[in-house]
Amino acid sequence: MTSEKKENCGLFGIFGDAESVQKTYFGLYSLQHRGQESAGIASSDGEFIQCYKGMGAVSRVFRSGSGILEKLANPIAIGHVRYSTTGSSKSINSQPLLSEYSRGQVAVAHNGNLINAALLRAEYEAHGSIFTSTSDTEVIIHLLAKPTHVSNPDPLAHVLNHLQGAYCLLFLFADRIEAARDPYGIRPLCIGQTDRGAYVVASESCAFDTIGAKFVREVEPGEIVTLDKRGLSSRFFVTRGTVTPVHCIFEHIYFAKQNSTIFGENVHEFRKKLGRRLAIEHPANADVVIPIPDSGTSAAIGYSEQSKVPFDMGMVRSHYVGRTFISPSQKLRELQVKLKLAVVKEVVDGKSVVVVDDSIVRGTTTRGKIRTLRQAGAKQIHMRVSCPPIRYPCFYGVDFPTREELLANNRDFEQIREFLEVDSVGYMPMEGLLSSANLPADYYCTACWSGKYKIPVDAAENKFALERYQMHMFDDWSQTNE
Ligand code: SF4
């Protein structure tokens, strides 16, 4: 997993379990790969909502022995882990966002990116509204509180129809959870059930495995699911089946965890299919197939199965290297890369090696790893990538570098091969990617490869679009981060 492309966010919610808050904590832990900048839990006893959140990973925010989970202990809970896709990484932008309006309290947790947030915020500010964060999620609370929306027979459905872009949302009201997914189903959201019958919602089904819940189904695009004392009920805020889905296929390639089922398919199995197809598209005369761990592992297994070239772990990843806030020199940075990803010399020395990764963004990290393999004695290196070359930014909740920084921008395959310093390079063709998926090809977003944005975007928008004014809030990084 490289740090060049950042996950979006992870959501978890549970209604009516005696250990709801503890299960939210463990659910968030299993979704930690979707965001490590901040974490938070809001819980309700049926009348009042309370919330605790902070900067850093789940284990950091909810420190063992701090008593925070005990204070939050209530039967209804939602949680959030964040990577900032709109709004910078500050405590004011951490979630859930807890507010009070004319109908009582509400806490909101969001995964995705609203492409009309700046426009909506400008409209509210023109009428005197005051915002306290720079994240796009706060706009949703203002929409909910607007008097003409409050008086609507279904205020939430009405509000969701004002949003454009990618969103999975959890709303915690004092007596219930409402979970919603945008009409295109860009990001995943699914429903589970514990053995005690409590309903659970989460960004990925891996969270259900962790708390011993079973997968029930995905929240459908355009659906609102209510979890309350009557159980689970559903309604649609767009006419069901009228919108062609735009699922982010990058969730399958990189973001989601291997044991998750998203868009109707297990992630590990999908990645193995990509590997098998990659071996057909780009065979190599090699002694061993190795992955860039962890995200390249499933595809490398598939490549090995198809090519009959043995699979081995030529690199091992340390899971104990934390985030650092010092600005290290180039030499220290190289040392940190080696610390994170160590080469097993015995596997690659004197060999012709196929290296499989899920994707390449800037290319500099990949080249660093290639150089390490050469230093360990690899004779030939054949780079294989299980998605097409990334050439465009994402506006639907994933943070890539600028277009100019992308390796494949304005480079042909031979120039990419030279840059990476490999003997050959082979990317998955778009047709191979889409035909490997279970759903029809036009159900997926492919914009970061094709530049075809199915939901219109303003190319000038960026993650700091709502930060016209610097908000001076003190973030105590020394206490809240590694
Ligand atoms: S542009 Fe790429 S990362 Fe963004 S939603 Fe589309 S497929 Fe996913």
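On a predicted model such as this, the values are computed, not experimentally measured, just so you know.

Here we look at the overall build of the protein chain
Next, step 1: Across its full length, the protein chain carries 18 helices and 23 strands.
Next, step 2: Considering the protein chain as a whole, with its 482 residues, one finds that 56% of them fall into the buried category.
Next, step 3: Residue pairs at least 24 apart in sequence account for 70% of intrachain contacts in the protein chain once pairs closer than 6 positions are excluded.
Next, step 4: With an accessible surface of roughly 19700 Å², the protein chain has 52% of that area assigned to carbon and sulfur atoms.

Looking at the confidence of the model for the protein chain
Next, step 1: Overall, the predicted model of the protein chain reaches an average pLDDT of 90, with 89% of residues at or above 70.
Next, step 2: Confidence drops under pLDDT 50 across residues 469-482; counting only partners more than four residues distant or on other chains, this segment forms 29 contacts.

Considerations on helix α15 (residues 413-420)
Next, step 1: Within α15, burial applies to Ile416, Phe419 and Leu420. For α15, the buried positions fall inside an angular range of 90° around the axis, keeping them on one side.
Next, step 2: Buried residues in α15 make contact with α14 (364-375), β21 (380-385) and β22 (424-427).
Next, step 3: The N-terminus of α15 is capped by Asp412, whose side-chain oxygen sits 3.2 Å from the backbone nitrogen of Glu414.
Next, step 4: Following α15 by one or two positions, Glu421 adopts a phi angle in the positive range, close to 60°.

Describing the environment of Ala447
Next, step 1: Summarising the element assignment, Ala447 is placed in helix α17 (residues 447-450).
Next, step 2: Sequence spacing of Ala447 and Cys248 is 199 residues, and the spatial spacing of their C-alpha atoms is 9.1 Å.

Topic: the sheet that holds β22
Next, step 1: As summarised here, the arrangement of the four strands in space is β17-β20-β21-β22, forming an open sheet in which the pairing is parallel. Only two strands of the sheet have a single neighbouring strand rather than two, namely β17 (288-291) and β22. Put simply, the sheet's adjacent strands are angled 20° from each other on average, direction ignored.
Next, step 2: Here strand β20 (residues 352-357) pairs with β21 via six bridges, running parallel. What sits directly across from Asp357, in β21, is Val385.
Next, step 3: The sheet contacts of α15 involve β21 and β22, and relative to β22 the element is tilted by about 125°.

A short note on the pattern of salt bridges
Next, step 1: Applying the stated criterion across every chain yields a total of 27 salt bridges.
Next, step 2: A salt bridge links Arg176 to Glu178; its shortest N-O distance comes to 2.9 Å.
Next, step 3: When its relative accessible area of 23% is taken as the criterion, Arg176 is described as partly exposed.
Next, step 4: In this structure Glu178 comes out as buried when scored by relative accessible area, which is 5%.
Next, step 5: Between Glu220 and Arg240 there is a salt bridge, with its nearest N and O atoms 2.6 Å apart. You can see Glu220 sitting in the loop between β11 (214-218) and β12 (223-228) and its partner Arg240 sitting in the loop between β13 (231-236) and β14 (247-248), a full 20 residues away along the chain.
Next, step 6: On the accessibility criterion, Glu220 (28% relative accessible area) is partly exposed.
Next, step 7: Each member of the salt-bridge network shares a partner with another, and the members are Asp154, Asp175, Arg176, Glu178 and Arg235.

Re the packing of aromatic side chains
Next, step 1: On inspection of all chains with the given rule, the structure shows 13 aromatic pairs.
Next, step 2: Judged by centre distance (6.4 Å) and plane angle (85°), the ring pair of Phe250 and Tyr254 falls under edge-to-face. With Phe250 and Tyr254 both in helix α9 (residues 249-255) and four residues apart, the pair spans about one turn of that helix.
Next, step 3: Tyr254 sits in the buried class, given a relative accessible area of 1%.
Next, step 4: A connected cluster of aromatic rings, assembled from ring pairs, spans Tyr25, Phe26, Tyr29, Tyr52 and Phe62.
Next, step 5: Over the face of the ring belonging to Phe173 we find Arg176, whose NZ or CZ atom lies 4.2 Å from the ring centre.
Next, step 6: Sitting above the plane of the Phe419 ring, Arg367 keeps its charged end 4.2 Å from the centroid.

The rules we used
Residues numbered from 1 in each chain as written. Predicted model: local features only at pLDDT ≥ 70, side-chain atom pairs only at ≥ 80, totals over all residues. Heavy atoms only, no water. Helix = DSSP H or I, 4+ residues; strand = E, 2+ residues; numbered from the N terminus. Buried < 20%, exposed > 50% of the residue type's maximum accessible area, 1.4 Å probe, protein only. Contact = heavy atoms within 4.5 Å. Areas by Shrake-Rupley, 256 points an atom, 1.4 Å probe, with all protein chains shown as cover. pLDDT = per-residue confidence, 0-100. Arc of directions from axis to C-beta. Polar contact = N/O pair within 3.5 Å; in protein donor to acceptor, adjacent residues only side chain to side chain. Pairing = 2+ DSSP bridges. Axes fitted to C-alpha atoms, helices over the stretch in contact; angles between N-to-C directions. Salt bridge = Lys/Arg side-chain N within 4 Å of Asp/Glu carboxyl O. Phe/Tyr/Trp six-rings, centres within 6.5 Å; stacked < 30°, edge-to-face > 60°. Lys NZ or Arg CZ within 6 Å of the ring centre and 35° of its normal.

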